[in-house]
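Below are the chains, spelled out letter by letter.
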Amino acid sequence: MNELVQTPQKTFRLRVEAHTATDSLESALAIIRRGGIELRGVRMEAGLHGMEVQLRVAAEEEEALTLCRMRLCNVIGILKIRETPRPTPALQ
């Protein structure tokens, strides 16, 4: 019997200080890489209070994504982190 295994995925929405955006994002990407997390997409745009960044990430285990979010909270220049789970695709 074939079993569909879903890789845990999340989208982290970050608000980053505009004047430290490059340094903050470099630190965030290093955390993702060192954690063995797959970066599936990045989207950035200027916001009212800094840069708005969306990082789509995936990992073999849910705990890796939780630890990644906790580490991102300690990066200087990241003001706020929101997390949204990735929707499960409809099975056909």
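Residues numbered from 1 in each chain as written. Predicted model: local features only at pLDDT ≥ 70, side-chain atom pairs only at ≥ 80, totals over all residues. Heavy atoms only, no water.

For the rest of this paragraph, the subject is the overall build of the protein. From N to C terminus, the protein includes two helices and four strands. If you list the helices and strands of the protein from N to C, you get β-α-β-β-α-β. Here the protein, with 92 residues, has 33% of them falling under the buried criterion. Taken as a whole, the protein presents about 6,500 Å² of accessible surface, with 50% of it coming from carbon and sulfur. (Helix = DSSP H or I, 4+ residues; strand = E, 2+ residues; numbered from the N terminus. Buried < 20%, exposed > 50% of the residue type's maximum accessible area, 1.4 Å probe, protein only. Areas by Shrake-Rupley, 256 points an atom, 1.4 Å probe, with all protein chains shown as cover.)

On the surface, a nonpolar cluster with roughly 340 Å² of combined accessible area is contributed by Leu29, Leu39, Val42 and Met44. Ranked by residue count, the leading element in the nonpolar patch is strand 2 (residues 38-47), at three residues. Along the chain, leucine 29 turns up in helix 1 (residues 21-34). (Patch = residues over 30% accessible without salt bridge, like charges linked within 9 Å, V, L, I, M, F, W, Y side chains within 5 Å. Salt bridge = Lys/Arg side-chain N within 4 Å of Asp/Glu carboxyl O.)

The next subject is the pairing of strand 3 (residues 50-58). Looking at chain direction, strand 1 (residues 9-16) and strand 3 are connected through eight bridges and run antiparallel. Looking at strand 3, one finds that threonine 11 is bridged to arginine 56. As judged from the nine bridges shared by strand 2 and strand 3, these two strands associate in the antiparallel manner. For glycine 41, the partnering residue across the bridge sits in strand 3 and is arginine 56. Linking strand 2 to strand 3, which pair antiparallel, is a turn of two residues. (Pairing = 2+ DSSP bridges.)

If you look at the biggest cluster of nonpolar residues, it comprises 20 residues, and the most contacted ones within it are Leu14, Val16, Leu72 and Ile78. For this core, the secondary structure elements donating two or more residues are strand 1, helix 1, strand 3, helix 2 (62-72) and strand 4 (78-85). Tallying contributions element by element places helix 1 first for this core, with five residues. Contact partners of leucine 14, with chain neighbours within four places excluded, come to Met51, Glu52, Val53, Leu55, Ile78, Lys80 and Ile81. (Core = buried A, V, L, I, M, F, W, Y, C linked by side-chain atoms within 4.5 Å. Contact = heavy atoms within 4.5 Å.)

This paragraph deals with helix 2. Residues of helix 2 that are buried include every one of Leu65, Cys68 and Leu72, and no others. Here the buried residues of helix 2 occupy an arc of 60° about the axis, which is enough to place them on one side. For helix 2, exposure combined with an orientation more than 90 degrees from the buried face picks out Glu63 and Met70. (Arc of directions from axis to C-beta.)

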